[in-house]
Amino acid sequence: MAGIYIHIPFCTKACHYCDFHFSTSLKIKDELILAMVKEVNFRKNYIGLEKVNTIYFGGGTPSILNKKDLAFILNSIYNNFNISKNVEVTIEINPNDLTSKKINDYADLNINRFSVGVQSFCDEQLIKLNRSHNSNDIIKCINLIKDAGFTNFSIDLMYGLPEMSIRLWKETLEKAIKLNPTHLSCYCLTIEKKTVFHKMFLDGSLKIGSDDILKSQFLLMRKILISENFMHYEISNFAKPSYQSRHNSSYWSGDKYLGIGPSAHSYNGTIRSWNIKNNIKYIKSFDNEKYDFYKEELLTDKNKINEYILMGLRTSKGVSKKKIFAMLSEREQLNINRQIANFERLNLLLFKDNRYFLSEEGMILCDKITSDLFLV
Ligand SMILES: C[S@@+](CC[C@H](N)C(=O)[O-])C[C@H]1O[C@@H](n2cnc3c(N)ncnc32)[C@H](O)[C@@H]1O
Ligand code: SF4
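Predicted model, so just to flag it, every value in this text is computed and none were measured.

The rules behind these values
Residues numbered from 1 in each chain as written. Chains lettered and ligands numbered in written order. Predicted model: local features only at pLDDT ≥ 70, side-chain atom pairs only at ≥ 80, totals over all residues. Helix = DSSP H or I, 4+ residues; strand = E, 2+ residues; numbered from the N terminus. Rg over C-alpha atoms; globule rule 2.2 N^0.38 Å. Buried ≥ 20, exposed ≤ 12 C-beta atoms within 10 Å, placed from the backbone. Contact = placed C-beta atoms within 7 Å. Near = placed C-beta within 6 Å. Nonpolar A, V, L, I, M, F, W, Y, C, P; charged D, E, K, R; others polar. Pairing = 2+ DSSP bridges. Domains from an automatic or database assignment. Core = buried A, V, L, I, M, F, W, Y, C linked by C-beta atoms within 7 Å. Expected span 1.5 Å × (residues − 1). Arc of directions from axis to C-beta.

1. Observations regarding the overall build of the chain
- Within the chain, the regular secondary structure consists of 15 helices and 15 strands.
- The C-alpha atoms of the chain give 21 Å as radius of gyration, which agrees with the globular expectation for 376 residues (21 Å, within 12%).
- Each of the three principal axes of the chain carries a C-alpha extent, and together these read 55 × 50 × 45 Å.
- Classification of the 376 residues of the chain by burial places 36% in the buried group.
- Look at the contacts in the chain between residues 6 or more apart in sequence, and 71% of them connect residues 24 or more apart.

As structure tokens, then:
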């Protein structure tokens, strides 16, 4: 099974923490959509004949698009790829964008899953983040989704926010649970270079939580969500049984996926490619049929093992010992064995049914553990 990701590089407002690729000017929206449809046609053989079981509109802010734009892109995908009958089609929604007309449009287009960018229910926090919505917009948005008969929706939240107390995080999680989502993505704030938060962090005006606070917020999130029957299936993702995001899961399992639009990444089993992060240059490369909108890298065996460990250890499934060792030389096996034994002694890595996976303590140190296991 394979996936298709469509990156919509527009937002109405720049959030102070975000370094995803987007523009706040929609002047060239129509040209960009046309270029994306050209990309779909140009790359129709990218994933071979494999069946597509997930289509994901991410961003940026895909809920900015109208029905005509979405239908144009979707039709080009349906005309060029082998789409599974029960394909999961997700769209990311910013809460202030949704109207009753839009949700009906989504239903007409067979979009069947929604990922709502809530981030926080606290208006003070939402202002600090420079979000385009307030807490009332969130409730209205979720009600519109439910009133239209949809139950499969996910909520994005952030923790580790400036001056966020444990109590506020607990209230945030409780409010999210009350809305009855099937899935939750909870991201720890990362201070990304070139963002407003980065500038504020450097000049000392942004106070972020200590490692101890972040750890407490992570552990609290796990405790609350697991007790509500959410499976913690990846470091930042929780799902009710059988509601894991197919888009995320296929990415972490190393399935093939095609990414359409500026900055989108793709993987066809051997080659990884990434599209240019510039809307105008992206459009132009289709104008003159130069097709220089992407760069690519052939993955070496070492790259493949590193990616497998990096992504696999983030998930509750972990990584297969057999698979890793089959890919390594004798010397590499000895080295990795020593590292693994050390992490097992520290109770950071666990071993069950021939698979390694992170303990709760290990999840908190996930980045350090995976980088120590990296083959160089
Ligand atoms: C690329 S955004 C797109 C979703 C949508 N545009 C929105 O903002 O609601 C996906 C998610 O990444 C998370 N995110 C973005 N920047 C982040 C950062 N610097 N640290 C932690 N999470 C971040 C947010 O939770 C956001 O909802
Ligand atoms: S977080 Fe979402 S809405 Fe905010 S700038 Fe990033 S992509 Fe746009």
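2. A closer look at the environment of Ile-73
- Turning to its location among the elements, Ile-73 is positioned in helix α2 (residues 67-80).
- Placed 35 residues apart in sequence, Ile-73 and Lys-38 show a C-alpha to C-alpha distance of 9.6 Å.
- Apart from residues no more than four positions distant in its own chain, Ile-73 is found in contact with Ile-6, Ile-33, Met-36 and Val-37.

3. Some points on the site of ligand 2
- Close contacts around ligand 2 come from Cys-11, Ala-14, Cys-15, Cys-18, Phe-20, Phe-22, Gly-59, Gly-60, Thr-61, Asn-94 and Gly-117, and that covers them all.
- In terms of residue class, the shell around ligand 2 is made up of 6 nonpolar, 5 polar and no charged.

4. As for the sheet that holds strand β15 (residues 355-358)
- Taken in spatial order, the 3 strands line up as β13-β15-β14 in an open sheet, and their pairing is antiparallel. Edge positions in the sheet fall to β13 (319-320) and β14 (349-352), since each has one partner strand and no second.

5. Let's talk about the domain arrangement of the chain
- By domain assignment, the chain separates into domain 1 (2-252) and domain 2 (301-373).
- Each of domain 1 and domain 2 has a C-alpha centre, and these two points are 29 Å apart.
- Of all elements in the fold, only α8 (211-227) and β7 (231-234) reach the threshold of two or more residues within the side of domain 1 that touches domain 2.

6. Re the environment of Leu-173
- Inspection of the secondary structure puts Leu-173 in helix α6 (residues 166-178).
- Between the C-alpha atoms of Leu-173 and Gln-339, which are 166 residues apart in sequence, the distance is 36 Å.
- For Leu-173, the residues in contact, after removing those within four places along its chain, are Met-221, Ile-224 and Leu-225.

7. Examining the nonpolar core
- Membership of the largest hydrophobic core comes to 64 residues, with the highest contact counts inside it found for Ile-4 and Met-36.
- The leading source of residues in this core is helix α1 (residues 29-42), at 6 residues.
- Other than its neighbours up to four places away in sequence, Met-36 contacts Ile-6, Ile-73, Ile-260 and Gly-261.
- Ile-305, Leu-313, Leu-348 and Met-363 belong to the second-largest nonpolar core, a separate cluster that totals 13 residues.

8. Remarks on unusual backbone geometry
- Cis geometry marks the peptide bond from Gly-59 to Gly-60; its omega dihedral reads 10°.
- Structurally, Gly-60 can be placed in the loop between β2 (52-59) and α2.
- Even without being glycine, Ser-263 reaches a positive phi, approximately 80°.
- Along the chain, Ser-263 turns up in the loop between β9 (257-260) and β10 (265-267).

9. A few points about the pairing of β9
- In β9, alternate side chains face the same way, and those of Tyr-257 and Gly-259 on one face and Leu-258 and Ile-260 on the other are all buried.
- With 4 bridges joining them, strand β1 (residues 2-8) and β9 adopt parallel strand pairing. Residue pairing across strands places Gly-3 opposite Tyr-257, the latter belonging to β9.

10. Quick word on the pairing of strand β5 (residues 153-159)
- Within β5, 6 of the 7 residues are buried, which leaves the element mostly enclosed by the surrounding structure.
- One ladder, built from 5 bridges, connects strand β4 (residues 113-119) with β5; its direction is parallel. Among the inter-strand pairings, Gln-119 is bridged to a residue of β5, identified as Leu-157.
- For β5 and strand β6 (residues 183-188), the ladder comprises 6 bridges, and the chain directions are parallel.

11. So, helix α5 (residues 135-147)
- The terminal C-alpha atoms of α5 lie 19 Å apart, and with 13 residues this matches the ideal 18 Å at 1.5 Å per residue to within 8%.
- Those residues of α5 not exposed but buried are Ile-138, Cys-141, Ile-142, Leu-144 and Ile-145. In a view along the axis of α5, the buried residues occupy a sector of 155°, so they form one face of it. Opposite the packed face of α5, turned more than 90 degrees from it, sit the exposed residues Asn-136, Asn-143 and Asp-147.
- Of the surrounding secondary structure, the elements contacted by the buried residues of α5 are β3 (83-93), α3 (100-108), β4 and β5.
- Among the residues trailing α5, Gly-149 stands out with phi positive, at a value near 95°.

12. Some points on the environment of Glu-39
- With respect to the helices and strands, Glu-39 occurs in helix α1.
- Assessed through the 27 C-beta atoms surrounding it within 10 Å, Glu-39 is described here as buried.
- Residues Glu-39 and Ile-260, spaced 221 residues apart in sequence, show a C-alpha to C-alpha distance of 6.7 Å.

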